[in-house]
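Descriptive analysis of the structure
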Amino acid sequence: MPPFEGTVRGLIEAALQDTDPDGPVRWQVISLLRERGDLESFIEARRLCAADEAFERLLGVDILGMLGAYVDRTLPILRYLAASEDDAVVLYSVLIAFGHLGDPRSLPSVIDLAHHGDARVRYGAAYALQHVLGDPPDRSGLAALRSLTEDADADVAGWASLGVALATGREI
């Protein structure tokens, strides 16, 4: 791994150079920003979420999903993107971020995306739903998760089935 400039801005510049959404440099930077967990990291991630380029919004979302200390400030940004974003990869990451944050306030946004036309987005919804259902599980969220168990995409259906099993196990 290359050495990174110690500033948040320097770290973000390094991550933006790694064009692979699953790239090791990108995720090492995200991990470092998660460890920092500071307001500056949040502000830079929020700025990225408003960028014109999808790859910048994607990085912003992935960082925000790791900054749980700022969940109250993060949820409105992610909910806005869930309602307005056109890029399926960014939407997928929004849903994964909702799942990482585990806050039931994101449930309406996740339910809205559970029947998206792109299987990647539905997969993200299947992942997120089990983490944002609340305890006891919200009925409408559980219904959305159950409907995903019948998805035409096997990966979506499989993840949703696991989510239903985990969610209903909490009810017992």
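Residues numbered from 1 in each chain as written. Predicted model: local features only at pLDDT ≥ 70, side-chain atom pairs only at ≥ 80, totals over all residues. Heavy atoms only, no water.

1. Some details on the environment of I111
As a reminder, the rule being used: A run of H or I in DSSP becomes a helix once it reaches four residues, and a run of E becomes a strand once it reaches two; helices and strands are each numbered from the N terminus. By definition in these notes, contact holds between two residues if any of their heavy atoms fall within 4.5 Å.
Among the secondary structure elements, I111 is positioned in helix α7 (residues 107–113). Filtering out sequence-adjacent residues up to four positions away, I111 remains in contact with L129, S140, G141 and A144.

2. Concerning helix α2 (residues 24–36)
For an α-helix, the turn length of 3.6 residues means that residues three or four places apart are oriented alike. Rules: A helix is expected to reach a length of 1.5 Å times the quantity of its residues less one. The classification of residues rests on relative accessible area computed with a 1.4 Å probe and restricted to protein chains. Under 20% of the type maximum is buried, over 50% is exposed, and intermediate values are partly exposed. What the arc covers is the set of directions going from the helix axis to the C-beta atoms.
Taking 1.5 Å per residue as the helical rise, α2 with its 13 residues ought to reach 18 Å, and the 18 Å between its terminal C-alpha atoms agrees with that figure. Of all the residues in α2, the buried ones are V25, R26, V29, I30 and L33. End-on, the buried residues of α2 take up no more than an arc of 135 degrees, which puts them together on one face. Opposite its buried face, α2 presents the exposed residues P24, R34 and E35, each directed more than 90 degrees away. Here the buried face of α2 lies against α1 (8–17), α3 (39–49) and α4 (54–64). Following α2 by one or two positions, G37 has its phi on the positive side, about 55 degrees.

3. Structural notes on the layout of surface pockets
Applied cut-off: In the cavity and pocket records, a cavity denotes points on a 1 Å grid over the protein atoms alone where a 1.4 Å probe fits but cannot get out, a pocket denotes an open set with protein on both sides within 12 Å along at least 5 of 7 lines, and lining residues are residues with an atom within 4 Å of a point. Grid points are joined across faces, edges and corners, and a volume is the space filled by probe spheres set on the points. Under the scheme applied, nonpolar residues are Ala, Val, Leu, Ile, Met, Phe, Trp, Tyr, Cys and Pro; charged residues are Asp, Glu, Lys and Arg; polar residues are all the others, including Gly.
Considered as a void within the structure, the largest pocket measures approximately 280 Å³ in volume. Within the residue set of the lining of the largest pocket, elements represented by two or more residues are α2, α4 and α6 (88–101). Among the elements that make up the lining of the largest pocket, the one with the highest residue count is α6 (seven residues). Partitioned by chemical class, the residues of the lining of the largest pocket number 10 nonpolar, three polar and four charged.

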